[in-house]
Amino acid sequence: MACVARVGANIDPPDFAINDNKVFDEVVRLCFKHLGAALFEALGLAEEKSTVKGEKWDGEERCKIDKRTSPSRFKRWKKWSVVVKQYLQALLLFLNEVQNADVMVCTLRAVAQVVELYLHFSKLSRNLVKSVVRIWSRKCLECRVSSMLVLSKIVRLDKHLYPVVLKSCYLGYVSNAREVTPESYPLISFMEKAFVEICHIYPSIAYPYAFVYIRQTAIHLRNAMIAKRKELIQTVYNWQFVQCLYLWAGVISKACRSDNEENIAIAELVYPLSQVTIATMRLVNEALSANLLKHFSVCSRRPLTTGLRVVVVLRPNITYYIP
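The protein has the name Nucleolar complex protein 2-like protein in an unreviewed UniProt entry, where Toxocara canis is given as its organism. You can read under Sequence similarities (unreviewed entry) in the UniProt record for the protein the words "Belongs to the NOC2 family."

**Q** How would you explain helix α8 (residues 162-176) if you had to name every residue and give the values?
**A** Given a rise of 1.5 Å per residue, 15 residues ought to cover 21 Å, and the 21 Å separating the end C-alpha atoms of α8 matches this to within 8%. Among all positions in α8, only Y162, P163, V165, L166, C169, Y170, G172, Y173 and V174 are buried. Those residues of α8 that are buried lie in contact with α6 (122-138), α7 (141-157), α9 (185-199), α10 (203-227) and α12 (239-257).

**Q** Outline the packing of α9 against α12, supporting the account with residue identities and numerical values.
**A** The interhelical angle for the contact between α9 and α12, taken along N-to-C directions, is 40°, at an axis separation of 9 Å. Viewed along their axes, α9 and α12 adopt a mutual orientation that is oblique. The handedness of the crossing between α9 and α12 comes out as right-handed. Every residue of α12 that contacts α9 at I188, E192, F195, V196, E197 and C199 is listed here: Q243, Y246, L247, W248, G250, V251 and K254.

**Q** Got a sec to walk through the packing of aromatic side chains? Specific residues and values, please.
**A** For the structure on display, the rule yields 11 aromatic pairs. Between F40 and F74, the aromatic rings sit 6.1 Å apart at their centres with planes inclined by 50°, giving tilted as the arrangement. On the criterion of sequence distance, the pair formed by F40 in helix α2 (residues 21-43) and F74 in the loop between β4 (65-66) and α3 (77-97) is long-range, its members being 34 residues apart. By relative accessible area, which is 4% here, F74 ends up buried.

How each quantity is defined
- Residues numbered from 1 in each chain as written.
- Predicted model: local features only at pLDDT ≥ 70, side-chain atom pairs only at ≥ 80, totals over all residues.
- Heavy atoms only, no water.
- UniProt positions renumbered as here; feature names shortened; annotations may be inferred.
- Helix = DSSP H or I, 4+ residues; strand = E, 2+ residues; numbered from the N terminus.
- Expected span 1.5 Å × (residues − 1).
- Buried < 20%, exposed > 50% of the residue type's maximum accessible area, 1.4 Å probe, protein only.
- Contact = heavy atoms within 4.5 Å.
- Axes fitted to C-alpha atoms, helices over the stretch in contact; angles between N-to-C directions.
- Parallel < 35°, antiparallel > 145°, perpendicular 65-115°, else oblique.
- Left-handed = near helix turned anticlockwise from the far one by under 90°.
- Phe/Tyr/Trp six-rings, centres within 6.5 Å; stacked < 30°, edge-to-face > 60°.

Structure follows, in structure tokens:
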């Protein structure tokens with residue numbers, strides 16, 4: 001708790017205080033290196049069972065729970081569960097308050113070691129997702145890479161949290177894509193590739209969300225084509241709209257390359273996405289004057305060129321004809 005208090009968390013003053021930066025770093029690294037393994041050692045692994053049905057913990061009932069996220073996996077869960085929860089809460093609080101990139105990466109690695117324990121507490125696990133997604137969408141590249149590993153581990157261990165992670169990551173991506181600069185583009189590009197990977201962990205679950213989000217872009221485009229007012233056209237010719245086209249082009253392209261039958265549904269979204277892209281290019285000639293076209297150009301390129309680039313991303317990976 002002394003380390004948590006050190007980073008400025010709003011907690012009761014601990015019995016001990018750490019004032020020296022070097023001592024603080026060493027204590028943090030020492031705790032992260034050994035505490036996670038020590039908790040698993042204290043809990044002790046029970047004999048593995050395939051599935052636990054209808055078991056309750058943390059005030060909720062979950063059926064068909066994976067054996068890795070069931071308390072019965074540990075011999076001494078009742079004895080140490082309170083201590084485990086206190087450590088997980090302190091670790092999450094520390095993650096939310098720490099600002100140094102190196103310490104944040106170290107903290108995320110420690111979180112990755114005990115993700116399995118977080119999933120025993122529904123509220124803690126959801127708070128963890130929020131914190132990690134915030135890092136994934138706002139911090140430096142090294143922090144984003146580490147947070148991506150944590151998110152991937154969370155959804156692979158607990159399928160129930162997959163929709164929460166998917167929606168949060170998409171909103172984080174859209175928020176980052178409001179303005180693309182040479183400095184921010186590598187981060188946005190990483191988020192795009194990471195989101196593609198997240199979508200293909202459980203493609204059957206990701207499909208309805210992909211359908212809804214692509215439909216949203218189509219609605220914005222339809223409104224702009226009907227009214228042709230400047231403020232509605234701005235909802236189409238902006239960084240967010242264009243980057244969303246690139247994002248879903250990447251998701252669909254990977255689905256088309258995959259041999260997994262679960263990807264068939266996502267692959268079929270190539271038709272609505274290509275229609276939105278082509279209609280976006282047509283809107284250029286129909287609604288935009290030369291000055292407005294220059295104003296809405298993307299990365300110093302005309303929107304027409306941007307639409308062609310989206311089609312180029314799709315075309316090599318699909319078996320459909322795009323006129």
